[in-house]
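Examining the three-dimensional arrangement
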Amino acid sequence: MPSQNPVFIPGPTNIPDTLRRAIDYPSVDHRSPEFVEMLAPVLAGVKRILKTTAGEAVVFPSTGTGAWEAAISNTLSPGDKVLAAEYGMFSHRWIDLCRKHGLDVEVIDTPWGEGAPLEAYERALRADTGHTIKAVLACQNETATGVLSDIAGLRKAIDNAGHPALLFVDGVSSIASMDFRMDEWGVDIAITGSQKGFMLPPGLAILGISPRALDAMKAAKLPRCFFDIPDMLAKNRTGGYPYTPPVALIRGLEVAIGMLEDEGLDQVFARHHRIAEGVRRAVAGWGLDLCAARPSLYSNTVSTVRVPDGFDGNEFVALAASKYAVAFGTGLGKVAGKVFRIGHLGSMTDVMALSGIATAEMVMADLGYPVELGSGLRAAQEYYRTSAGKSAPAVERHAA
Ligand SMILES: *Cc1c(COP(=O)(O)O)cnc(C)c1O
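First things first, this report covers the structure right here in the doc.

About the criteria used
Residues numbered from 1 in each chain as written. Predicted model: local features only at pLDDT ≥ 70, side-chain atom pairs only at ≥ 80, totals over all residues. Heavy atoms only, no water. Phe/Tyr/Trp six-rings, centres within 6.5 Å; stacked < 30°, edge-to-face > 60°. Helix = DSSP H or I, 4+ residues; strand = E, 2+ residues; numbered from the N terminus. Buried < 20%, exposed > 50% of the residue type's maximum accessible area, 1.4 Å probe, protein only. Lys NZ or Arg CZ within 6 Å of the ring centre and 35° of its normal. Near = heavy atom within 4 Å. Polar contact = N/O pair within 3.5 Å; in protein donor to acceptor, adjacent residues only side chain to side chain. Areas by Shrake-Rupley, 256 points an atom, 1.4 Å probe, with all protein chains shown as cover. Nonpolar A, V, L, I, M, F, W, Y, C, P; charged D, E, K, R; others polar. Contact = heavy atoms within 4.5 Å. Expected span 1.5 Å × (residues − 1). Axes fitted to C-alpha atoms, helices over the stretch in contact; angles between N-to-C directions. Parallel < 35°, antiparallel > 145°, perpendicular 65-115°, else oblique. Left-handed = near helix turned anticlockwise from the far one by under 90°. Arc of directions from axis to C-beta. Salt bridge = Lys/Arg side-chain N within 4 Å of Asp/Glu carboxyl O. Pairing = 2+ DSSP bridges.

**Concerning the packing of aromatic side chains**
Ring pairs (aromatic) are described by centroid distance and by the angle formed between their planes. One pass over the structure, following the stated rule, counts 13 aromatic pairs. Ring plane angle 10° and centroid distance 3.7 Å describe the contact between Phe316 and Phe340, whose orientation is recorded as stacked. Of this pair, Phe316 sits in helix α11 (residues 313–324) while Phe340 sits in strand β12 (residues 339–343), placing them 24 residues apart in sequence. Given a relative accessible area of 0%, Phe316 falls into the buried group. Aromatic ring contacts, followed pair by pair, group Phe35, Phe60, Phe226, Phe227, Tyr241 and Tyr243 into a single cluster. Positioned over the ring face of Phe90 is Arg93, at 5.4 Å from the centre of the ring.

Rendered as structure tokens:
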């Protein structure tokens, strides 16, 4: 049963009222001028959020997983080699999807809690003197472990190796919440979805495509149909879609981008940092550790908290839901049961975060964790008291 409580899962995130109203939208004829007028500013807005002027923006009716598939199926051929590191469930799933498409994935096994291993990427690229690696894959924010990776550094590693591979970045749980610069970082395909930083329901796969990636599409031989990017771009140029577009969500995306830009992207990033820092202080106040190996890897969108030995993170999540009607994230894959996750991205304020911290404390007390009620809350309160006002919470905006 839905409640008025915020969710603390790292997607789907809380949907602001403004966006709920914006997507309450009547049917329009998607071949009419009305849709043509609606689409162009949305694609322009996506490009601003991704920080690309050289690239193109594409929006499919799908989710982040569909964007992974679109990225590879449009640019690669069966048997092509790609280089990827596995450091959490999302990087793992993308690798799995590549293999199912018949790609040859060179995997850099990386401990969960670490980020994209820049030196290992560089070493693998230097060793590939024949340039058989066609694409380098990385997850900017590993949502399973709460780890942020250095994409500018990855670009540097590729350049240091003098390697021509394309760079594909999964920014599903980072774009529109943490710094992302598609052109400056030389990202060839940027991937995100509607249900995280964009604060909308799931349903849109959002991609940025560089001119080099577009060029690679001419020779790519993996089967593609629904996710055919050149087809989509050709139809978009006249304002249409190759099939029925998800009009209400596209309308919502325009309003979401407006909200982000009204607040200011830098302020949005600062707000995420501040909220996340309060959560991290709470975790320290509890005497618990994060899954992320060190502070330079801390994610501002999700905190993955290690539970003490002898406790089960899944029980924490189940009790929070059944007793307090609050959703936290479970541990995924290798860290299932060993962690719980606090999602703090999208439409989130410090006051909302405090309610999540307070709930987490009640759940831990109920389950007999060696954690004192108020210990994390107090640490977060002290931090928010001294930092409040420097970044306003997401501004509500009236749907035009
Ligand atoms: C949520 C997420 C995805 C995509 O998941 P979907 O459920 O297909 O939208 C991919 N990568 C990361 C890092 C994510 O957080």
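There is more to say after this.
**Digging into the site of the ligand**
Around the ligand there are 13 residues in total, and Thr63, Thr65, Thr143, Asp170 and Lys196 lie nearest to it. Separating an oxygen atom of the ligand from a backbone N or O atom of Gly64 is a distance of 3.0 Å. One nitrogen or oxygen atom from the side chain of Asp170 is found 2.6 Å from a nitrogen atom belonging to the ligand. About the coverage of the ligand: the protein hides 86% of its 380 Å² of free accessible area. In terms of residue count, the dominant contributor to the shell around the ligand is helix α3 (residues 64–75) (three residues). Split by residue class, the shell around the ligand holds four nonpolar, seven polar and two charged.

**Regarding the environment of Gly186**
Residue position: Gly186 is located in the loop between β7 (166–170) and β8 (189–193). Overall, the relative accessible area of 23% leaves Gly186 in the partly exposed class. As a C-alpha pair, Gly186 and Lys81 span 105 residues in sequence and 20 Å in three-dimensional space. Contact partners of Gly186, with chain neighbours within four places excluded, come to Arg155 and Leu167.

**Topic: the side chain of Gln195**
Summarising the element assignment, Gln195 is placed in the loop between β8 and β9 (204–209). What makes Gln195 buried here is its relative accessible area of 10%. Dropping the residues within four chain positions of it, Gln195 is found in contact with Gly11, Pro12, Thr13, Leu200, Pro201 and Pro202.

**Points about helix α9 (residues 247–263)**
Under the 1.5 Å per step criterion, the end-to-end length of α9 is 25 Å for 17 residues, consistent within 8% with the ideal 24 Å. Buried residues dominate α9, accounting for 13 of its 17 residues. In the segment just after α9, Gly264 is the residue with positive phi, at about 100°.

**Some thoughts on the packing of helix α12 (residues 350–366) against helix α13 (residues 375–387)**
Relative orientation of the contacting elements α12 and α13 amounts to 165°, with a least axis distance of 8 Å. For the element pair α12 / α13, the angle class is roughly antiparallel. In the packing of α12 onto α13, the handedness of the crossing is right-handed. In this structure, α12 uses Asp350, Ala353, Leu354, Ile357, Ala358 and Glu361 to contact α13, whose residues at the interface are Ser375, Gly376, Leu377, Ala380, Gln381 and Tyr384. Its residues assigned to classes, the contact of α12 with α13 shows seven nonpolar, three polar and two charged.

**Remarks on helix α2 (residues 33–50)**
Its 18 residues place the ends of α2 27 Å apart at the C-alpha level, agreeing with the 26 Å of an ideal helix rising 1.5 Å per residue. Those residues of α2 not exposed but buried are Phe35, Met38, Leu39, Val42, Leu43, Gly45, Val46, Ile49 and Leu50. Axial view of α2: buried residues confined to an arc of 160°, hence all on one face. Of the exposed residues in α2, the ones pointing more than 90 degrees away from its buried face are Pro33 and Glu37.

**Digging into the pattern of salt bridges**
In this structure the tally under the stated criterion is 22 salt bridges. A salt bridge links Asp179 to Arg181, with the nearest nitrogen and oxygen atoms 2.7 Å apart. Residue class for Asp179 comes out partly exposed when judged on its relative accessible area of 25%. The class of Arg181 is partly exposed, set by a relative accessible area of 29%. The shortest N-O distance in the salt bridge between Arg280 and Glu277 comes to 3.2 Å. In this pair, Arg280 and Glu277 are both assigned in helix α10 (residues 265–285), three residues apart and thus about one turn of the helix distant. For the pair shown, Arg280 and Glu277 are each scored as buried. Connected through shared salt-bridge partners, Lys51, Asp179, Arg181 and Glu184 make up one network.

**Focus: the sheet that holds strand β1 (residues 56–61)**
Strands pair in a sheet through their backbones, by hydrogen bonds, and they do so in one of two ways: parallel or antiparallel. The strand order across the open sheet built from seven strands is β1-β9-β8-β7-β4-β2-β3, with neighbouring strands paired in mixed fashion. Either end of the sheet is taken by a strand with one partner, and the two such strands are β1 and β3 (104–109). Across the sheet, the axes of successive neighbouring strands diverge by a mean angle of 20°, strand direction being ignored. Here strand β4 (residues 133–139) runs beside β7; their pairing, made up of five bridges, is parallel. Residue pairing across strands places Ala138 opposite Val169, the latter belonging to β7.

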